Amino acid sequence: MLLSYFNFNSKNDIFQFMKKNKKILQILIIVLALIALAFLFIPEDFYQKILNPESAAYTYKEFYEMAGENKISSVVIKEKKIKFSLTENPGNFYFVENPSSPTLKEYLLLNNVSVKEEASAENVISLIFDIFFYLFFFGIIIIAFRKFISPNTFKVVHKTGVKFDDIVGMDNLKRDMKQVMQIMKAPEEYAKRGVRMPKGILLEGEPGNGKTLFAKALAGEAKVNFIPAKATDFESMFMAIGPLKVKLLFKKARAKSPCIVFIDEFDGIGTVRNYSGTAIETENTRIVTALLNELDGFEPSNGVLVLAATNSIHALDPALIRPGRFDAKFSVPYPGSEERKALVRMYCRGKAYDDEVSESLLAKMFEGYSCAKIEACLNRAALLCSQEGREKFNLEDVRQACREL
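Please read these numbers as outputs of a predicted model, since none were measured by experiment. (Residues numbered from 1 in each chain as written. Predicted model: local features only at pLDDT ≥ 70, side-chain atom pairs only at ≥ 80, totals over all residues. Heavy atoms only, no water.)

### Considering the nonpolar core
The nonpolar side chains of soluble globular proteins are, as a tendency, buried together.
Here is step 1 of the chain: Core analysis: the biggest nonpolar cluster contains 52 residues, and Phe214, Leu218, Ile260, Leu305, Leu307 and Phe366 have the highest contact counts within it.
Here is step 2 of the chain: Top contributing element to this core by residue count: helix α15 (residues 371-387), with 7 residues.
Here is step 3 of the chain: Those residues within four positions of phenylalanine 366 in sequence are excluded, and the remaining contacts are Arg340, Val344, Ile374, Cys377, Leu378, Val398 and Cys402.
Here is step 4 of the chain: Residues Leu248, Leu249, Leu292 and Ile321 belong to the second largest nonpolar core, which totals 30 residues. (Core = buried A, V, L, I, M, F, W, Y, C linked by side-chain atoms within 4.5 Å. Buried < 20%, exposed > 50% of the residue type's maximum accessible area, 1.4 Å probe, protein only. Helix = DSSP H or I, 4+ residues; strand = E, 2+ residues; numbered from the N terminus. Contact = heavy atoms within 4.5 Å.)

Right, dumping it as structure tokens:
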């Protein structure tokens, strides 16, 4: 109806009209705002005096006496004025000052006068601002709360793109992981032999030795969903958010089964419970308790496997890592001599180096280094070489890189 009345064919025509008449619309909005303010702030008796000059012809004493004589039919009590109509002429309204008497309303009701109380414009505006404030305040809380426990907190990775062939060495750990992978692929077959899939696997080792890579490779080889998480994902400025996130994580894992849940920095949330009463310790205790409940709440047949990585198994709560919750514990050691040679060979691809730089020599230099540190040293050596304008890095560049890292 409105579109045809103004000869508008579509909503785009309305937008075009608004763009062309932008100034007119702005003036119209300002005029409407001023009219609204006038109705709010200019007293009603001001308009009544203009329309009906006799509206202020009575005093409060006369009003009070007329109420006792049943000459007043209705009264509206405002903050500063009293608006009333006479029985003989209910169409006109009159105003007198409001003395704010606590007994006035009772007196009027006893004399069969219809009484209403009306909030002032200031009170209405104050109420509106209060409503907006509470809406804004609780809106911020709800948005923050939804952000902290959003379903998108934990992303589901359908393909990790990592295989066991991408991992250098550590054949014993690969063999154990492959067996877990086979159980995940055919749990019924292994169940006939009386073998169940472990609920959880704990990977312990120094940082940079490939715990995360192992978890991704297991998910990639088994071709199952992978949900990565870390200890900081469960931290929050609000109490009780951590346990809610634990429940959210496992709820999503069950919905996406078969699935591997990988929790990195596990010692950040699974530490021994301390009942000292501090807020931090209380929150940690709640998170550990939530983890215990979730690990006990699903069966291996649900198709959910929990992998947790930690640098220190001794810091974890014993109840959390006992058999039946984390059935297997594997150590991810520093790479051995042959593994270091293979890592040097892999990380030197695409890099130019002098003839004096050999795999066996670098493998000896990198003894006790993690996989990540070996890669960082070789990358730093190439950068030092590039800074001096040389094309190939040498042993001195590698030594300098090792000293810096």
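### Section: the pattern of salt bridges
Here is step 1 of the chain: This structure, assessed with the given rule, holds 13 salt bridges.
Here is step 2 of the chain: Across the pair aspartate 397 and arginine 390 runs a salt bridge whose closest N-O atoms are separated by 2.9 Å.
Here is step 3 of the chain: You can call aspartate 397 buried: its relative accessible area is 5%.
Here is step 4 of the chain: A relative accessible area of 28% means that arginine 390 is categorised as partly exposed. (Salt bridge = Lys/Arg side-chain N within 4 Å of Asp/Glu carboxyl O.)

### Quick look at the sheet that holds strand β7 (residues 259-264)
Here is step 1 of the chain: Within the open sheet, the 5 strands sit side by side as β6-β7-β8-β5-β9. Their pairing is parallel. Looking at which strands have only one partner, the edges of the open sheet turn out to be β6 (225-230) and β9 (328-331). Direction aside, the axes of adjacent strands within the sheet are offset by 20° on average.
Here is step 2 of the chain: Helix α8 (residues 171-185) contacts β5 (200-204), β7, β8 (304-310) and β9 of the sheet and is inclined by roughly 150° relative to β9.
Here is step 3 of the chain: Most of the contacts of helix α10 (residues 211-222) go to β7, to which it runs at about 175°, and overall it touches β5, β6, β7 and β8. (Pairing = 2+ DSSP bridges. Axes fitted to C-alpha atoms, helices over the stretch in contact; angles between N-to-C directions.)

### Overview of the sheet that holds strand β3 (residues 94-97)
Here is step 1 of the chain: Taken in spatial order, the 4 strands make up an open sheet running β3-β2-β1-β4, and their pairing is mixed. Unpaired on one side and paired on the other, β3 and β4 (114-117) mark the two borders of the sheet. Each strand axis lies, on average, 20° off the axis of its neighbour in the sheet, ignoring direction.
Here is step 2 of the chain: Strand direction decides the pairing type here: strand β1 (residues 72-77) and strand β2 (residues 81-86), joined by 5 bridges, are antiparallel. Paired with isoleucine 77 across the strands is isoleucine 82, a residue of β2.
Here is step 3 of the chain: The sheet contacts of helix α5 (residues 60-68) involve β1, β2 and β3, and relative to β2 the element is tilted by about 45°.

Purely geometric stuff here, so don't read any function into it on its own.
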